[in-house]
Amino acid sequence: MIEKDDQGTSRDFTHLDSEGRARMVDVSEKEDTRREAVAAGRIVMSRRCFNLLVEDNIPKGNVLGAARLAGIMAAKKVDELIPLCHSLPVSGSDIRFDLDNERPAVEIIASVRAAGKTGVEMEALTAVSIAALTIYDMCKSLDKGMVIKNIRLLRKSGGKSGTFIRE
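This structure is a prediction, so every number in the text was calculated from the model and none was measured.

## Brief notes about the pattern of salt bridges
Summed over all chains, the structure comprises eleven salt bridges. Among the ionic pairs, D98 bridges to R96, the shortest N-O distance being 3.1 Å. Look at D98 and you get partly exposed, because its relative accessible area is 33%. Judged by its relative accessible area of 46%, R96 falls in the partly exposed class. Overlapping salt bridges, with partners in common, bring together R42, D100, R103, E107 and R152 in one network.

Take a look at the structure:
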């Protein structure tokens, strides 16, 4: 049984109406606050592919430059990709790549900022995901066995729920 508030909305699941159907949460009454989220993920690849990527010698071009732009662009389009996500005016987005020579892998770290009524966690997670997929796409001719993994929220701030920091 779904418990409901005075408007017939589920108390536990804000994205469900009184009939249990998906709905977009109305955030119009919420205050705008500064929001920031940082997410990370990793793409593991063969030694040969990693070395060519580090040398900027992948046949399709500058992989990390393209992945950075793809991630930033993706952060601005989350509402078009994920059902029920609100449109947010992203005010800033950065993508950083840490090269892990030991694995070999690329760690992708995305930060997204906005002033709005809802958080930017999905924007940061999407930025990481699309940056990783771009790396995969540009390197797949050399290594179809690459693995994208461990996409996660590292921290978020702003809004009613406050700050979250992954331990």
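## What about the sheet that holds strand β3 (residues 105-116)?
Reading across the sheet, the five strands line up as β2-β3-β1-β4-β5 and stay open at both edges, with antiparallel pairing between neighbours. Edge positions in the open sheet fall to β2 (90-100) and β5 (164-165), since each of these has one partner strand only. Sheet topology places strand β1 (residues 33-44) next to strand β4 (residues 147-157); eight bridges connect them, and they run antiparallel. Opposite I43, over in β4, you have I148 as the bridge partner. Contacts between helix α1 (residues 47-54) and the sheet are confined to β2 and β3, with β2 contributing the most and set at about 125° to the helix.

## Quick notes on the packing of helix α2 (residues 63-75) against helix α4 (residues 121-139)
Running from N to C, α2 and α4 cross one another at 145°; their axes reach a closest spacing of 7 Å. You can see that α2 and α4 cross each other, and the crossing is right-handed. Taken together, the residues of α4 that come into contact with α2 (itself represented by V63, L64, A66, A67, A70, G71, A74 and A75) are E123, T126, A127, I130, A131, T134, I135, M138 and C139.

## What about the nonpolar core?
If you look at the biggest cluster of nonpolar residues, it comprises 32 residues, and the most contacted ones within it are M45, L53, F97, V106, I108, I135 and C139. With eight residues, the top contributor of residues to this core is α4. The residues touching I135, leaving out its near neighbours within four places in the chain, are I43, M45, L53, V63, L64, A67, F97, V106, I108 and M146.

Reading the values: rules and limits
- Residues numbered from 1 in each chain as written.
- Predicted model: local features only at pLDDT ≥ 70, side-chain atom pairs only at ≥ 80, totals over all residues.
- Heavy atoms only, no water.
- Salt bridge = Lys/Arg side-chain N within 4 Å of Asp/Glu carboxyl O.
- Buried < 20%, exposed > 50% of the residue type's maximum accessible area, 1.4 Å probe, protein only.
- Pairing = 2+ DSSP bridges.
- Helix = DSSP H or I, 4+ residues; strand = E, 2+ residues; numbered from the N terminus.
- Contact = heavy atoms within 4.5 Å.
- Axes fitted to C-alpha atoms, helices over the stretch in contact; angles between N-to-C directions.
- Left-handed = near helix turned anticlockwise from the far one by under 90°.
- Core = buried A, V, L, I, M, F, W, Y, C linked by side-chain atoms within 4.5 Å.

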